[in-house]
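Given next are the chains, with one letter for each unit.
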Amino acid sequence: MCGIVGYIGPKGAFDILIQGLKRLEYRGYDSAGVAMVDADGKINVHKSRGKVANLERVARAGDTSGSLGIAHTRWATHGEPNDINAHPHVSQSGEIALVHNGTIENYAVLKQALEKHGYTFKSETDTEVLVQLIDYVKHHNQCTLQEAVREALLQVDGAYAIAVVEKGDPDTLIVARKSSPLVIGVGEGETFIASDATPIIGYTDRVIYLKDNEMAIIKRGGDLSIRNVKSSTPTQIDIQQLKLSLAQLEKGGYDTFMLKEIFEQPSTLRDCLRGRITDDCSRVVLAGVEMHKDVFLKAKRITLVACGTSWHAALIGKRLIQDFCRIPVEVEYASEFRYGNPVLDSDDVVIAISQSGETADTLAAIELAKEKGAFVYGVCNVVGASIPRATDSGTYIHVGPEIGVASTKAFTGQVTVLTLLALAIGQLRGVTDKDTVRSVASALREIPDVIEETLKCDPEVKNISRIFTYAHNFLYLGRGYNYPTALEGALKLKEISYIHAEGYPAAEMKHGPIALIDQEMPSVIIAPSDYLYDKIISNVQQVKSRGGAVVAIVSKGNTAMNDIADYCIEIPAVPACLTPLVASIPLQLMAYYIAVNKGKDVDQPRNLAKSVTVE
Ligand code: F6R
């Protein structure tokens, strides 16, 4: 969480920083700030509670000069969102300004020590402790800022990506990272830094992904050196080419990113599938599996780890892998797995799923799995992020940048890749025969077109959403492959409309939650025509007989539910294992329209951030 951005070059930094913060706002948006060092070496700091637009307004009323600057958009961890806790933080001497993404775990101990040296603190943040520590080291050791940053970082436990500037030096920007992402954009005589590449696109396509424990000293004119924080030795500079376009970061005529992302799923899934199924559909080819055939042949168990929506995709992945590979599969929340003392060895494969590739709990789960000797496979979206770099192998979902905080296209991309993965491992182990691979792979290849067809339910879902906008609670029910779809539908509604919603296995409902059902409690039931259809019909009847309203997601042409449910939304018929991909579309739309009807900010819902880089 939190986004940082920085610039050094010939242009005024302020506009570039504000533009960059707007692109990073999905990472946190409860306060924001900028610091520019002007040509005389004076530091101009502006901060504001709320979104970047507030900051822009406040700052424009003051001095925004300077062609070196750092900026921050915050998702609060230590201290409430207000102007004082907003970054940049400036040291007591007024000489050093710093922005930080991450958490300094030993900040309390450091703070006590600094207080003994006469430092006082204005904010409740861990970040202010770090800037004061750098200030202390610099004065105590009589050293350069660069040395002081390095020395201070050696004393810090936790995660950080930082950018630091100094009064009196308009020519130097210092950045460093450990467990929080940081990208450097290398332009012509100018340099950009950011938490991810999105603020850099449009200026340069040449980037350096700073590695853990590295710091970069960036000079005006473009000179750049990178060294290891621990050893202080210089490290090699690896400039890579960025493959993102500006168009991918814009709303493309939609009111919100979320709606754009829902509607672009046919094309994102085409990108996700491209080149991964042979023309005759007889084989699934995933380079990440092909390169490690021995690992997947000997695997005795697969464990999927993830958080949030990615965890829901993992639950679907479990069924897919069990069905097509007949290997025992477990699914764990990454945050539980990392502290759960898991039993793993070299016969285990751990699959980590993450849209952002930066989720702190998932990263920690990966490190633990690797320590225990397991092979770790990543399913990620953001190319070059920390998780794909930490894993032994993996597959990108290739759905493009997801900017709406509520995950939509990444979820369907994850489920698509997990389907491919299950088929690839199943065919490799000789468990899934050619005919099965052919029939599932050919149906999967049609999924982008099927979703295009499914999206035609938009006006109908919009109408139904009006009826339920003011419900206070919702139940989402599904069975088999669609129990996780129900969980995901409920999560989407909660996140953006702030309506309480619970996902439940439909048959489990009678063991407790059925007590909640009355006229005030609508249920959304995912009931495609699969092997559990008859069973779910009786679950719907149980709801109806207690007076609850029912919205049912049913397969086209199946009219049996028409007389039972209050509203039926039809989706195209697909094989059971692919139904979550299709059924999730009306659920995304329904959450979206209910939130819009309630006047909520769907792209930036309260208290949430896109990339959760803290525990
Ligand atoms: C929900 C949502 C979150 C994320 C979760 C994991 O819409 O977006 O629940 O799925 O924070 O994030 P990633 O996938 O980036 O690891």
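Enquirer: So what's going on with unusual backbone geometry? Residues and values would help.
Expert: Cis geometry marks the peptide bond from H87 to P88, where omega comes out at 0 degrees. Tracing the sequence through the fold places P88 in the loop between β4 (68-74) and β5 (89-90). The backbone phi angle of C281 is positive, close to 65 degrees, even though this residue is not glycine. Along the chain, C281 falls in the loop between α7 (265-273) and α8 (287-290). Despite not being glycine, Y498 has its phi angle at roughly 65 degrees, a positive value. Mapped onto the elements of the fold, Y498 is located in the loop between α17 (483-497) and β21 (500-505). Judged by its relative accessible area of 24%, Y498 falls in the partly exposed class.

Enquirer: How would you sum up the nonpolar core? Please name residues and give values.
Expert: Judged by nonpolar contacts, the single largest core of 95 residues is most densely connected at L304, I351, I447 and F474. With near-sequence residues (within four places) excluded, L304 lies in contact with A314, G317, K318, I321, V329, E330, V331, E332, I351, I353 and L418.

Enquirer: Requested: an account of the site of the ligand, with residues and values cited.
Expert: Neighbouring the ligand are 15 residues; S310, S354, Q355, S356 and T359 lie closest to it. In the model, an oxygen atom of the ligand is placed 3.1 Å from a nitrogen or oxygen of the T309 main chain. At 3.3 Å, a backbone N or O of V405 approaches an oxygen atom of the ligand. Starting from 400 Å² of accessible surface for the ligand in isolation, the protein chains cover 90%. If you list the elements that add at least two residues to the shell around the ligand, you get α10 (308-325) and α17.

Criteria and cut-off values
Each residue is numbered by its place in its chain's sequence as written, counting from 1. The model is predicted, so local features are restricted to residues of pLDDT at least 70 and side-chain atom pairs to those at 80 or more, both for listing and for counting; the totals for chains, interfaces and linings are taken over all residues. Heavy atoms throughout the structure, all of them, feed into the side-chain values; hydrogens and water do not. Helix numbers and strand numbers start at the N terminus; a helix is a DSSP run of H or I with at least 4 residues, a strand a run of E with at least 2. Per-residue accessibility, obtained with a 1.4 Å probe over protein chains only, is compared with the maximum for each type, and a residue is labelled buried under 20%, exposed over 50%, and partly exposed between these values. In this text, buried Ala, Val, Leu, Ile, Met, Phe, Trp, Tyr and Cys residues form a nonpolar core when linked through side-chain atoms within 4.5 Å. The criterion used for residue contact is that any of the two residues' heavy atoms lie within 4.5 Å. Whether a residue is near a molecule or strand depends on its heavy atoms: if one lies within 4 Å, it is near. In protein, a polar contact means a hydrogen-donor-capable atom and an acceptor-capable atom, both N or O and within 3.5 Å, with residues adjacent in sequence counting only if both atoms are side-chain atoms; elsewhere, any N or O pair within 3.5 Å suffices. Surface accessibility in these figures is a Shrake-Rupley result with a 1.4 Å probe; residues are shielded only by whichever protein chains are displayed.

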